[in-house]
Amino acid sequence: MRQKAPAYVIGHITIKDPAKWDEYRSRVPGTLDGWGGELVLRGKRVTVLGGEHAHTDTVVLRFPDIDSLNGWFNSPVYQALIPLREQAADVVLISYES
């Protein structure tokens, strides 16, 4: 049996409405409960060292495996936050498996 690999969500973010973004950010950690998700990094871009990257902020979430990541993303509690996220910022979310 193959051991499950950790999975990550990396979000590239450009904030449009700081107040709504603060509200969204404050509510996301509660959606991780039950999925084994944890916040690894919230950061602001310092320098693009190669290529082009338009977004100013980044977030990294870690999950025990891709099934947990997908369960979190598709959960009703997280899906309910997506309209707020879309009002607050332009966000590109990408999932990765290590």
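I will try to describe carefully the structure that is included in this document. Bear in mind the structure is a predicted one, so any value in this text is a computation, not a measurement.

## Side note on the overall build of the protein
Part 1 of the reasoning: When you go through the protein residue by residue, the secondary structure sums to 4 helices and 4 strands.
Part 2 of the reasoning: Along the protein, from the amino end to the carboxyl end, the secondary structure elements read β-α-β-β-α-α-α-β.
Part 3 of the reasoning: Against the globule reference of 13 Å for 98 residues, the protein gives a C-alpha radius of gyration of 14 Å, in line with a compact fold.
Part 4 of the reasoning: The 98 residues of the protein split such that 33% are buried.
Part 5 of the reasoning: Of the accessible surface of the protein, which amounts to about 6100 Å², a share of 54% is contributed by carbon and sulfur atoms.
Part 6 of the reasoning: Each charge class in the protein was averaged separately, 11 positive and 12 negative side chains, and the resulting centres sit 2 Å apart.

## Here we look at the layout of surface pockets
Part 1 of the reasoning: Within this model, the largest pocket holds a volume of roughly 260 Å³.
Part 2 of the reasoning: What lines the largest pocket is a set of 20 residues, among which Ile13, Trp21, Arg25, Arg42 and Val59 lie closest to the centre.
Part 3 of the reasoning: By residue number, the principal contributor to the lining of the largest pocket is helix H1 (residues 18-31), which donates 5 residues.
Part 4 of the reasoning: Across the lining of the largest pocket, the residue classes break down as 13 nonpolar, 2 polar and 5 charged.

## Points about the packing of aromatic side chains
Part 1 of the reasoning: Within this structure, the stated rule accounts for 5 aromatic pairs.
Part 2 of the reasoning: An angle of 40° between the planes, with centres 4.3 Å apart, marks the rings of Trp72 and Tyr78 as tilted.
Part 3 of the reasoning: Since its relative accessible area comes to 2%, Trp72 is described here as buried.
Part 4 of the reasoning: An aromatic cluster of three or more residues is present, and its members are Phe63, Trp72, Phe73 and Tyr78.

## What about the nonpolar core?
Part 1 of the reasoning: Core analysis: the largest hydrophobic core is formed by 18 residues, its most contacted members being Val9, Trp21, Tyr24, Leu61, Phe63, Trp72 and Tyr78.
Part 2 of the reasoning: Counting residues per element, the ones that place at least two in this core are strand S1 (7-15), H1, strand S3 (57-63), helix H2 (66-74) and helix H4 (82-88).
Part 3 of the reasoning: Excluding its chain neighbours within four sequence positions, the residues that come into contact with Tyr78 are Tyr24, Val28, Thr31, Trp72, Phe73, Arg85 and Leu93.

## Considerations on the sheet that holds S1
Part 1 of the reasoning: Read across the sheet, 4 strands follow the order S2-S3-S1-S4 without closing on themselves; strand pairing throughout is antiparallel. Edge positions in the sheet fall to strand S2 (38-44) and strand S4 (89-97), since each has one partner strand and no second. Each strand axis lies, on average, 15° off the axis of its neighbour in the sheet, ignoring direction.
Part 2 of the reasoning: The pairing of S1 with S4 spans 9 bridges and is classified as antiparallel. Bridging from a neighbouring strand, Gly11 pairs with Leu93 of S4.
Part 3 of the reasoning: Together, S1, S3 and S4 form the strand contacts of H2, whose direction differs from that of S1 by roughly 40°.

Procedures and definitions
- Residues numbered from 1 in each chain as written.
- Predicted model: local features only at pLDDT ≥ 70, side-chain atom pairs only at ≥ 80, totals over all residues.
- Heavy atoms only, no water.
- Helix = DSSP H or I, 4+ residues; strand = E, 2+ residues; numbered from the N terminus.
- Rg over C-alpha atoms; globule rule 2.2 N^0.38 Å.
- Buried < 20%, exposed > 50% of the residue type's maximum accessible area, 1.4 Å probe, protein only.
- Areas by Shrake-Rupley, 256 points an atom, 1.4 Å probe, with all protein chains shown as cover.
- Lys, Arg positive; Asp, Glu negative; His and termini not counted.
- Charge placed at Lys NZ, Arg CZ, Asp CG, Glu CD.
- 1 Å grid on protein atoms, 1.4 Å probe; cavity = no way out; pocket = protein on both sides within 12 Å on 5 of 7 lines; lining within 4 Å.
- Points joined across faces, edges and corners; volume = space filled by probe spheres on them.
- Nonpolar A, V, L, I, M, F, W, Y, C, P; charged D, E, K, R; others polar.
- Phe/Tyr/Trp six-rings, centres within 6.5 Å; stacked < 30°, edge-to-face > 60°.
- Core = buried A, V, L, I, M, F, W, Y, C linked by side-chain atoms within 4.5 Å.
- Contact = heavy atoms within 4.5 Å.
- Pairing = 2+ DSSP bridges.
- Axes fitted to C-alpha atoms, helices over the stretch in contact; angles between N-to-C directions.

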